[in-house]
Amino acid sequence: MLKMNDCVVFTDVGPRDGLQNQPKILGVDERLALIAALSAAGVKHIEVGSFVSPKAVPAMAGTDQLVARLPKADGVNYSALIPNRKGYELARDAGARTVNMVLYASEGMARKNVNMSLAEAEQVTLEILDMAAQDGVSVVAAVATAFCCPFDGPTDPGKVREIIARFIESGIEQLVLADTIGAANPMQVRKLTGDLVVSHGADRIGCHFHDTRAMGVANVFAALESGVYRFDGSIAGLGGCPFAPGASGNVASEDVIMMLDQMGVKTGIDLDALLRASDLAQELTGTAPGGRAKAWLGPWLEKQKQA
Ligand code: COA
Ligand code: ZN
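The notes below deal with the structure included here. (Residues numbered from 1 in each chain as written. Chains lettered and ligands numbered in written order. Predicted model: local features only at pLDDT ≥ 70, side-chain atom pairs only at ≥ 80, totals over all residues. Heavy atoms only, no water.)

Binding of the zinc ion (ligand 2) to the protein goes through Asp17 (OD), His208 (NE2) and His210 (NE2), at separations of 2.0 to 2.2 Å. Counting the intervening residues between successive donors of the zinc ion (ligand 2) yields the motif D-x190-H-x1-H. With Asp17 in helix H1 (residues 14–18) and His208 in strand E9 (residues 205–209), the pair connects residues that are 191 residues apart, well separated along the chain. Note on accessibility: Asp17 and His208 belong to one class, buried. (Donors = N, O, S within 2.8 Å, 3.2 Å for Na, K, Ca; no water. Helix = DSSP H or I, 4+ residues; strand = E, 2+ residues; numbered from the N terminus. Buried < 20%, exposed > 50% of the residue type's maximum accessible area, 1.4 Å probe, protein only.)

If you want it as C-alpha coordinates, here you go:
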(Lines give C-alpha, C1' and ligand atoms only; values in the text may rest on other atoms or scores of the structure.)
(Ligands and ions follow the chains in the order given, each with its own letter.)
Protein backbone atom coordinates (compact mmCIF):
# COMPACT_ATOMS: atom_id res chain seq x y z
CA MET A 1 0.00 0.00 0.00
CA LEU A 2 1.47 3.37 -1.01
CA LYS A 3 1.50 6.12 1.55
CA MET A 4 -0.24 9.44 0.95
CA ASN A 5 1.87 12.28 2.34
CA ASP A 6 0.56 14.89 4.72
CA CYS A 7 2.99 17.55 3.44
CA VAL A 8 3.49 18.77 -0.12
CA VAL A 9 6.44 20.60 -1.67
CA PHE A 10 4.93 23.02 -4.15
CA THR A 11 6.71 24.83 -6.99
CA ASP A 12 5.03 27.78 -8.68
CA VAL A 13 6.10 27.82 -12.33
CA GLY A 14 3.94 30.83 -13.25
CA PRO A 15 6.83 33.28 -13.77
CA ARG A 16 8.22 30.82 -16.37
CA ASP A 17 5.66 28.40 -17.83
CA GLY A 18 2.98 31.00 -17.21
CA LEU A 19 4.52 34.12 -18.63
CA GLN A 20 6.35 32.50 -21.57
CA ASN A 21 3.11 32.14 -23.51
CA GLN A 22 1.38 35.43 -22.69
CA PRO A 23 0.60 37.90 -25.43
CA LYS A 24 1.73 40.71 -23.12
CA ILE A 25 5.44 40.74 -22.37
CA LEU A 26 6.24 41.81 -18.84
CA GLY A 27 9.33 43.77 -17.82
CA VAL A 28 11.85 42.46 -15.31
CA ASP A 29 10.40 44.68 -12.54
CA GLU A 30 6.90 43.26 -13.11
CA ARG A 31 8.21 39.70 -13.18
CA LEU A 32 10.08 40.33 -9.93
CA ALA A 33 6.92 41.76 -8.35
CA LEU A 34 5.03 38.56 -9.18
CA ILE A 35 7.86 36.45 -7.75
CA ALA A 36 7.87 38.59 -4.58
CA ALA A 37 4.09 38.13 -4.19
CA LEU A 38 4.50 34.34 -4.43
CA SER A 39 7.33 34.38 -1.96
CA ALA A 40 5.23 36.54 0.42
CA ALA A 41 2.54 33.83 0.26
CA GLY A 42 5.05 31.27 1.52
CA VAL A 43 5.83 29.58 -1.80
CA LYS A 44 9.31 28.16 -1.21
CA HIS A 45 10.05 26.92 -4.74
CA ILE A 46 9.60 29.25 -7.70
CA GLU A 47 10.62 28.72 -11.34
CA VAL A 48 11.51 32.28 -12.20
CA GLY A 49 12.23 32.18 -15.92
CA SER A 50 14.12 30.43 -18.66
CA PHE A 51 17.45 30.80 -20.42
CA VAL A 52 16.22 30.30 -23.96
CA SER A 53 16.63 32.14 -27.22
CA PRO A 54 14.90 35.54 -26.88
CA LYS A 55 13.98 35.19 -30.54
CA ALA A 56 12.10 31.96 -29.77
CA VAL A 57 10.48 33.18 -26.53
CA PRO A 58 10.62 36.99 -26.26
CA ALA A 59 8.81 36.99 -22.89
CA MET A 60 11.78 35.29 -21.23
CA ALA A 61 14.39 37.82 -22.40
CA GLY A 62 16.24 39.38 -19.48
CA THR A 63 16.06 36.32 -17.21
CA ASP A 64 19.77 36.89 -16.47
CA GLN A 65 19.01 40.36 -15.04
CA LEU A 66 16.06 38.95 -13.17
CA VAL A 67 18.11 36.17 -11.55
CA ALA A 68 20.79 38.67 -10.53
CA ARG A 69 18.15 40.74 -8.71
CA LEU A 70 16.44 37.92 -6.81
CA PRO A 71 16.57 38.31 -3.04
CA LYS A 72 19.39 36.33 -1.46
CA ALA A 73 19.01 34.12 1.57
CA ASP A 74 15.22 34.46 1.89
CA GLY A 75 14.81 30.69 2.14
CA VAL A 76 13.23 30.42 -1.31
CA ASN A 77 14.62 27.98 -3.87
CA TYR A 78 14.63 29.82 -7.20
CA SER A 79 15.09 27.74 -10.34
CA ALA A 80 15.30 28.48 -14.05
CA LEU A 81 14.50 26.35 -17.07
CA ILE A 82 17.22 25.55 -19.61
CA PRO A 83 16.75 23.85 -23.00
CA ASN A 84 20.37 23.18 -23.94
CA ARG A 85 24.08 23.62 -23.07
CA LYS A 86 24.07 27.33 -23.87
CA GLY A 87 21.10 27.79 -21.55
CA TYR A 88 22.99 26.00 -18.79
CA GLU A 89 26.04 28.23 -19.19
CA LEU A 90 23.95 31.41 -19.22
CA ALA A 91 22.01 30.28 -16.14
CA ARG A 92 25.15 29.35 -14.21
CA ASP A 93 26.87 32.62 -15.13
CA ALA A 94 23.81 34.59 -14.03
CA GLY A 95 23.99 32.89 -10.62
CA ALA A 96 21.20 30.31 -10.88
CA ARG A 97 21.63 27.60 -8.23
CA THR A 98 19.00 25.16 -9.60
CA VAL A 99 18.31 24.52 -13.27
CA ASN A 100 15.43 22.61 -14.81
CA MET A 101 16.51 20.77 -17.92
CA VAL A 102 13.95 19.30 -20.30
CA LEU A 103 13.98 15.67 -21.45
CA TYR A 104 11.42 14.28 -23.88
CA ALA A 105 9.28 11.17 -24.08
CA SER A 106 8.54 11.84 -27.76
CA GLU A 107 10.63 12.72 -30.82
CA GLY A 108 8.08 15.18 -32.17
CA MET A 109 8.18 17.41 -29.11
CA ALA A 110 11.99 17.32 -28.83
CA ARG A 111 12.28 18.40 -32.43
CA LYS A 112 9.68 21.20 -32.21
CA ASN A 113 10.81 22.52 -28.84
CA VAL A 114 14.58 22.46 -29.09
CA ASN A 115 15.41 21.30 -32.59
CA MET A 116 17.10 18.18 -31.21
CA SER A 117 16.33 14.48 -31.32
CA LEU A 118 15.24 12.82 -28.11
CA ALA A 119 18.65 11.10 -27.91
CA GLU A 120 20.52 14.39 -28.44
CA ALA A 121 18.56 16.05 -25.62
CA GLU A 122 19.48 13.10 -23.36
CA GLN A 123 23.16 13.37 -24.30
CA VAL A 124 23.17 17.11 -23.61
CA THR A 125 21.48 16.48 -20.25
CA LEU A 126 24.24 14.05 -19.27
CA GLU A 127 26.87 16.66 -20.19
CA ILE A 128 25.00 19.32 -18.21
CA LEU A 129 24.84 16.97 -15.21
CA ASP A 130 28.63 16.67 -15.31
CA MET A 131 29.18 20.43 -15.60
CA ALA A 132 26.63 21.14 -12.88
CA ALA A 133 28.31 18.71 -10.47
CA GLN A 134 31.55 20.66 -10.88
CA ASP A 135 29.82 24.03 -10.60
CA GLY A 136 27.74 23.07 -7.56
CA VAL A 137 24.48 23.66 -9.43
CA SER A 138 21.45 21.39 -8.80
CA VAL A 139 19.72 19.83 -11.79
CA VAL A 140 16.08 18.80 -11.99
CA ALA A 141 14.88 17.26 -15.25
CA ALA A 142 11.34 17.39 -16.53
CA VAL A 143 10.18 14.67 -18.90
CA ALA A 144 8.01 16.57 -21.37
CA THR A 145 5.05 14.85 -23.07
CA ALA A 146 5.11 12.15 -20.35
CA PHE A 147 1.51 11.20 -21.14
CA CYS A 148 0.78 12.45 -24.63
CA CYS A 149 2.53 14.39 -27.40
CA PRO A 150 0.72 16.84 -29.69
CA PHE A 151 2.76 15.51 -32.62
CA ASP A 152 3.30 11.79 -31.87
CA GLY A 153 0.13 10.95 -29.89
CA PRO A 154 -0.14 8.94 -26.64
CA THR A 155 3.13 8.16 -24.86
CA ASP A 156 4.06 4.61 -23.89
CA PRO A 157 4.40 4.63 -20.06
CA GLY A 158 7.14 2.00 -20.41
CA LYS A 159 9.24 4.56 -22.27
CA VAL A 160 8.80 7.11 -19.47
CA ARG A 161 9.73 4.52 -16.82
CA GLU A 162 12.83 3.62 -18.82
CA ILE A 163 13.99 7.25 -19.21
CA ILE A 164 13.43 7.92 -15.52
CA ALA A 165 15.29 4.79 -14.41
CA ARG A 166 18.24 5.63 -16.66
CA PHE A 167 18.52 9.22 -15.43
CA ILE A 168 18.18 8.27 -11.79
CA GLU A 169 21.08 5.90 -12.38
CA SER A 170 23.01 8.82 -13.89
CA GLY A 171 22.68 10.64 -10.60
CA ILE A 172 19.92 13.17 -11.24
CA GLU A 173 18.32 14.41 -8.03
CA GLN A 174 14.75 14.80 -9.20
CA LEU A 175 12.62 14.10 -12.24
CA VAL A 176 9.30 15.70 -13.02
CA LEU A 177 6.60 14.08 -15.13
CA ALA A 178 5.26 16.86 -17.32
CA ASP A 179 1.82 16.55 -18.87
CA THR A 180 2.77 19.23 -21.38
CA ILE A 181 -0.60 19.52 -23.11
CA GLY A 182 -2.90 18.49 -20.25
CA ALA A 183 -3.94 15.17 -21.75
CA ALA A 184 -3.47 12.83 -18.78
CA ASN A 185 -6.31 11.27 -16.82
CA PRO A 186 -6.21 10.35 -13.12
CA MET A 187 -6.11 6.56 -13.65
CA GLN A 188 -3.10 6.85 -15.94
CA VAL A 189 -1.44 9.19 -13.48
CA ARG A 190 -2.05 6.90 -10.51
CA LYS A 191 -0.65 3.88 -12.37
CA LEU A 192 2.49 5.57 -13.69
CA THR A 193 3.32 7.49 -10.53
CA GLY A 194 2.57 4.41 -8.42
CA ASP A 195 5.06 2.35 -10.45
CA LEU A 196 7.67 5.08 -10.24
CA VAL A 197 7.29 5.61 -6.50
CA VAL A 198 7.62 1.84 -5.90
CA SER A 199 10.76 1.69 -8.07
CA HIS A 200 12.51 4.89 -7.02
CA GLY A 201 10.84 6.35 -3.94
CA ALA A 202 8.75 9.51 -3.76
CA ASP A 203 11.69 11.84 -3.08
CA ARG A 204 12.82 11.62 -6.69
CA ILE A 205 9.51 12.15 -8.51
CA GLY A 206 7.47 15.32 -9.13
CA CYS A 207 4.38 16.04 -11.24
CA HIS A 208 3.55 18.96 -13.51
CA PHE A 209 0.00 19.13 -14.83
CA HIS A 210 -1.80 21.42 -17.23
CA ASP A 211 -5.51 22.00 -16.81
CA THR A 212 -6.53 21.91 -20.48
CA ARG A 213 -9.40 19.51 -19.81
CA ALA A 214 -10.20 20.45 -16.19
CA MET A 215 -8.40 17.36 -14.89
CA GLY A 216 -5.51 19.21 -13.28
CA VAL A 217 -6.52 18.86 -9.63
CA ALA A 218 -7.86 15.33 -10.18
CA ASN A 219 -4.44 14.39 -11.56
CA VAL A 220 -2.71 16.01 -8.59
CA PHE A 221 -4.90 13.96 -6.27
CA ALA A 222 -4.20 10.74 -8.18
CA ALA A 223 -0.44 11.29 -7.90
CA LEU A 224 -0.80 12.22 -4.23
CA GLU A 225 -2.53 8.90 -3.65
CA SER A 226 0.53 7.19 -5.13
CA GLY A 227 2.76 8.93 -2.61
CA VAL A 228 4.01 11.79 -4.81
CA TYR A 229 4.47 14.97 -2.80
CA ARG A 230 6.22 17.32 -5.21
CA PHE A 231 3.88 19.29 -7.44
CA ASP A 232 4.06 22.20 -9.86
CA GLY A 233 1.30 24.66 -10.52
CA SER A 234 1.00 28.15 -11.88
CA ILE A 235 -0.46 31.18 -10.18
CA ALA A 236 -3.82 32.21 -11.66
CA GLY A 237 -3.66 29.23 -14.03
CA LEU A 238 -1.21 31.00 -16.32
CA GLY A 239 0.71 28.88 -18.74
CA GLY A 240 1.20 26.86 -21.84
CA CYS A 241 4.04 25.93 -24.11
CA PRO A 242 4.35 28.07 -27.25
CA PHE A 243 5.66 25.02 -29.14
CA ALA A 244 2.98 22.51 -28.10
CA PRO A 245 -0.31 23.10 -29.91
CA GLY A 246 -3.30 22.68 -27.61
CA ALA A 247 -1.38 23.31 -24.40
CA SER A 248 -3.32 25.60 -22.11
CA GLY A 249 -2.55 26.90 -18.63
CA ASN A 250 -1.03 24.91 -15.81
CA VAL A 251 -3.27 23.76 -13.03
CA ALA A 252 -3.83 26.92 -10.97
CA SER A 253 -1.76 27.14 -7.79
CA GLU A 254 -4.72 28.47 -5.82
CA ASP A 255 -6.84 25.45 -6.85
CA VAL A 256 -4.16 22.95 -5.85
CA ILE A 257 -3.34 24.68 -2.59
CA MET A 258 -7.01 25.07 -1.66
CA MET A 259 -7.64 21.35 -2.28
CA LEU A 260 -4.61 20.34 -0.21
CA ASP A 261 -5.47 22.80 2.55
CA GLN A 262 -9.05 21.52 2.81
CA MET A 263 -7.78 17.93 2.98
CA GLY A 264 -5.41 18.83 5.81
CA VAL A 265 -2.26 18.40 3.70
CA LYS A 266 0.34 20.98 4.74
CA THR A 267 1.95 23.23 2.13
CA GLY A 268 3.23 26.14 4.23
CA ILE A 269 1.40 28.49 1.83
CA ASP A 270 -0.99 31.18 3.01
CA LEU A 271 -4.12 31.06 0.84
CA ASP A 272 -5.10 34.66 1.44
CA ALA A 273 -1.70 35.92 0.30
CA LEU A 274 -1.75 33.46 -2.60
CA LEU A 275 -5.00 35.02 -3.82
CA ARG A 276 -3.31 38.41 -3.76
CA ALA A 277 -0.51 36.97 -5.92
CA SER A 278 -3.19 35.60 -8.24
CA ASP A 279 -4.85 39.05 -8.44
CA LEU A 280 -1.46 40.54 -9.32
CA ALA A 281 -0.88 37.92 -12.06
CA GLN A 282 -4.27 38.80 -13.55
CA GLU A 283 -3.62 42.52 -13.27
CA LEU A 284 -0.16 42.31 -14.86
CA THR A 285 -1.06 40.02 -17.75
CA GLY A 286 -4.68 41.01 -18.36
CA THR A 287 -5.34 37.46 -19.56
CA ALA A 288 -4.55 35.04 -16.70
CA PRO A 289 -7.73 33.02 -16.23
CA GLY A 290 -7.45 32.73 -12.43
CA GLY A 291 -8.18 29.45 -10.68
CA ARG A 292 -11.67 28.17 -9.98
CA ALA A 293 -10.98 28.45 -6.25
CA LYS A 294 -10.92 32.23 -6.10
CA ALA A 295 -14.61 33.07 -6.44
CA TRP A 296 -15.46 30.84 -3.48
CA LEU A 297 -12.30 31.21 -1.47
CA GLY A 298 -12.16 35.03 -1.38
CA PRO A 299 -15.51 35.51 0.44
CA TRP A 300 -14.89 32.42 2.59
CA LEU A 301 -11.55 33.76 3.85
CA GLU A 302 -13.15 37.18 4.49
CA LYS A 303 -15.86 35.55 6.61
CA GLN A 304 -13.24 33.65 8.60
CA LYS A 305 -11.35 36.88 9.31
CA GLN A 306 -14.51 38.52 10.64
CA ALA A 307 -15.53 35.53 12.79
N1 COA B 1 19.62 30.96 -24.71
C2 COA B 1 19.75 32.01 -25.53
N3 COA B 1 20.03 31.92 -26.84
C4 COA B 1 20.20 30.68 -27.33
C5 COA B 1 20.09 29.54 -26.55
C6 COA B 1 19.78 29.70 -25.18
N7 COA B 1 19.63 28.67 -24.36
N8 COA B 1 20.32 28.46 -27.31
C9 COA B 1 20.56 28.90 -28.56
N10 COA B 1 20.48 30.25 -28.57
C11 COA B 1 20.65 31.14 -29.72
C12 COA B 1 21.94 30.92 -30.46
O13 COA B 1 22.96 31.69 -29.89
C14 COA B 1 21.57 31.40 -31.85
O15 COA B 1 21.53 32.82 -31.85
P16 COA B 1 21.79 33.69 -33.19
O17 COA B 1 20.67 33.36 -34.14
O18 COA B 1 21.75 35.10 -32.70
O19 COA B 1 23.13 33.23 -33.66
C20 COA B 1 20.12 30.93 -32.00
O21 COA B 1 19.63 30.82 -30.66
C22 COA B 1 19.99 29.60 -32.69
O23 COA B 1 20.88 28.68 -32.08
P24 COA B 1 20.97 27.14 -32.45
O25 COA B 1 21.99 26.49 -31.58
O26 COA B 1 21.14 27.00 -33.94
O27 COA B 1 19.59 26.64 -31.98
P28 COA B 1 18.44 25.99 -32.77
O29 COA B 1 17.92 26.92 -33.82
O30 COA B 1 18.82 24.62 -33.19
O31 COA B 1 17.40 25.86 -31.58
C32 COA B 1 16.47 26.97 -29.63
C33 COA B 1 16.69 26.96 -31.14
C34 COA B 1 16.19 25.62 -29.09
C35 COA B 1 17.68 27.49 -28.95
C36 COA B 1 15.32 27.92 -29.43
O37 COA B 1 14.25 27.51 -30.24
C38 COA B 1 14.86 28.02 -28.00
O39 COA B 1 15.49 28.62 -27.16
N40 COA B 1 13.69 27.48 -27.74
C41 COA B 1 13.07 27.60 -26.46
C42 COA B 1 12.19 26.45 -26.16
C43 COA B 1 11.32 26.78 -24.97
O44 COA B 1 11.52 27.69 -24.22
N45 COA B 1 10.26 25.99 -24.84
C46 COA B 1 9.30 26.17 -23.79
C47 COA B 1 9.74 25.63 -22.49
S48 COA B 1 9.87 23.87 -22.43
ZN1 ZN C 1 4.26 23.06 -18.51
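What follows deals with the site of ligand 1. Lining the immediate surroundings of ligand 1 are 18 residues, of which Ser53, Asn84, Lys86, Asn113 and Asn115 lie closest. Between ligand 1 and the protein, one listed contact pairs a nitrogen atom with a side-chain N or O atom of Asn84 at 2.9 Å. In this structure, Asn113 approaches ligand 1 through a side-chain N or O atom, which is 2.8 Å from a nitrogen atom. Bound to the protein, ligand 1 loses 64% of the 910 Å² it would expose on its own. The set of elements that each furnish at least two residues to the shell around ligand 1 consists of helix H4 (85–94) and helix H5 (107–114). (Near = heavy atom within 4 Å. Polar contact = N/O pair within 3.5 Å; in protein donor to acceptor, adjacent residues only side chain to side chain. Areas by Shrake-Rupley, 256 points an atom, 1.4 Å probe, with all protein chains shown as cover.)

Next up on the list: the side chain of Asp17. Take Asp17: its relative accessible area is 3%, and that puts it in the buried class. Of the polar contacts made by the side chain of Asp17, one reaches the side chain of Gln20; its length is 3.2 Å. There is a polar contact of 3.1 Å between the side chain of Asp17 and the side chain of Asn250. Residues within four places of Asp17 in sequence aside, it is in contact with Glu47, His208, His210, Gly239, Gly240, Cys241 and Asn250. (Contact = heavy atoms within 4.5 Å.)

Okay, the pairing of E9 next. Judged by how many residues are buried, E9 sits mostly within the fold: five of five residues are covered. Of the two faces of E9, the one holding Ile205, Cys207 and Phe209 and the one holding Gly206 and His208 are both buried throughout. Sheet analysis places strand E8 (residues 174–179) next to E9, joined by five bridges and oriented parallel. The residue bridging Leu177 from the neighbouring strand is Cys207, located in E9. Where the polypeptide runs from E8 across helix H8 (residues 186–200) and back to E9, its parallel neighbour, the crossover connection is right-handed. The parallel pair E9 and strand E10 (residues 230–233), bridged by helix H9 (residues 216–225), forms a crossover whose chirality is right-handed. (Pairing = 2+ DSSP bridges. Right-handed = clockwise from strand over helix to strand, strands pointing away.)

A few words now on the packing of helix H2 (residues 28–40) against helix H11 (residues 271–285). Contact geometry for H2 and H11: axes closest at 8 Å, N-to-C directions at 165 degrees. Here H11 runs roughly antiparallel to H2, going by the angle between their axes. Here the hand of the crossing between H2 and H11 comes out left-handed. Where H2 approaches H11, its residues Glu30, Ala33, Leu34, Ala37, Leu38 and Ala40 are matched on the opposing element by Ala273, Leu274, Ala277, Leu280, Ala281 and Leu284. Residue composition of the contact of H2 with H11, grouped by class: eleven nonpolar, no polar and one charged. (Axes fitted to C-alpha atoms, helices over the stretch in contact; angles between N-to-C directions. Parallel < 35°, antiparallel > 145°, perpendicular 65-115°, else oblique. Left-handed = near helix turned anticlockwise from the far one by under 90°. Nonpolar A, V, L, I, M, F, W, Y, C, P; charged D, E, K, R; others polar.)

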